[in-house]
Amino acid sequence: MKERAIIEVLFRDKPFMVLNALRNSIGRINASEVARQAKCTYSHTHKTLMLFEENRLVSFDRSGARPIISLTEKGNQLAEGVETTKFHLS
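Keep in mind that what you see is a predicted model, and the values were worked out from it rather than measured. (Residues numbered from 1 in each chain as written. Predicted model: local features only at pLDDT ≥ 70, side-chain atom pairs only at ≥ 80, totals over all residues. Heavy atoms only, no water.)

Give a detailed account of the pattern of salt bridges, specifying residues and quantitative values.
Tallied over the entire structure, the rule returns 2 salt bridges. Arg36 is the salt-bridge partner of Glu33, the closest N and O atoms lying 2.5 Å from each other. Here Arg36 and Glu33 lie together in helix H3 (residues 31–38), a separation of 3 residues that amounts to about one turn. Look at Arg36 and you get exposed, because its relative accessible area is 55%. (Salt bridge = Lys/Arg side-chain N within 4 Å of Asp/Glu carboxyl O. Helix = DSSP H or I, 4+ residues; strand = E, 2+ residues; numbered from the N terminus. Buried < 20%, exposed > 50% of the residue type's maximum accessible area, 1.4 Å probe, protein only.)

Report on the environment of Asn55, specifying residues and quantitative values.
Relative to the helices and strands, Asn55 resides in the loop between helix H4 (42–54) and strand E1 (58–61). With a relative accessible area of 10%, Asn55 lands in the buried category. Measuring from C-alpha to C-alpha, the distance between Asn55 and Gly75 comes to 8.9 Å, with 20 residues separating the pair along the chain.

Describe the environment of Val58, and please don't skip the residues or the numbers.
Along the chain, Val58 falls in strand E1. For the pair Val58 and Leu19, spaced 39 residues apart in sequence, the C-alpha to C-alpha distance is 9.2 Å. Discounting chain neighbours no more than four positions away, the residues touching Val58 are Leu22, Leu49, Phe52, Glu53, Ile69, Ser70, Leu71 and Thr72. (Contact = heavy atoms within 4.5 Å.)

I'd like to hear about the nonpolar core, residue by residue, with values.
Within the largest apolar cluster, 20 residues are counted, with the highest numbers of intra-cluster contacts made by Val18, Leu22, Val34, Leu49, Phe52, Val58 and Ile69. The element that contributes the greatest number of residues to this core is helix H2 (residues 13–24), accounting for 5 residues. (Core = buried A, V, L, I, M, F, W, Y, C linked by side-chain atoms within 4.5 Å.)

Break down the packing of H3 against H4 for me, citing the residues and quoting the values.
At a closest axis distance of 9 Å, the pairing of H3 and H4 adopts a crossing angle of 110 degrees. With respect to H4, the element H3 is oriented roughly perpendicular. Where H3 crosses over H4, the two elements pack in a sense that is right-handed. Of the residues in H4, those in contact with Ala31, Ser32, Val34 and Ala35 of H3 are Tyr42, Thr45 and Leu49. Residues belonging to the contact of H3 with H4 are distributed by class as follows: 5 nonpolar, 2 polar and no charged. (Axes fitted to C-alpha atoms, helices over the stretch in contact; angles between N-to-C directions. Parallel < 35°, antiparallel > 145°, perpendicular 65-115°, else oblique. Left-handed = near helix turned anticlockwise from the far one by under 90°. Nonpolar A, V, L, I, M, F, W, Y, C, P; charged D, E, K, R; others polar.)

Right under this line is the structure:
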């Protein structure tokens, strides 16, 4: 049931854009940069990232002043699948 819920979230535009920003990032990226690339508020981005972390799609490196975000292997596979599916539905 939990996996179905995350899939339903991903087919909305903003969470998809957040996932896509992470997938297309080169190097280190933080939540502010993800929000800018996804063209949504920091608050919405943060909430989406927390949902992604809960579902083990992203991981945070909290060793510095600004946490660095990266997709997990599961997140990367899901991003590829969702991107392919979303464009086939358009």
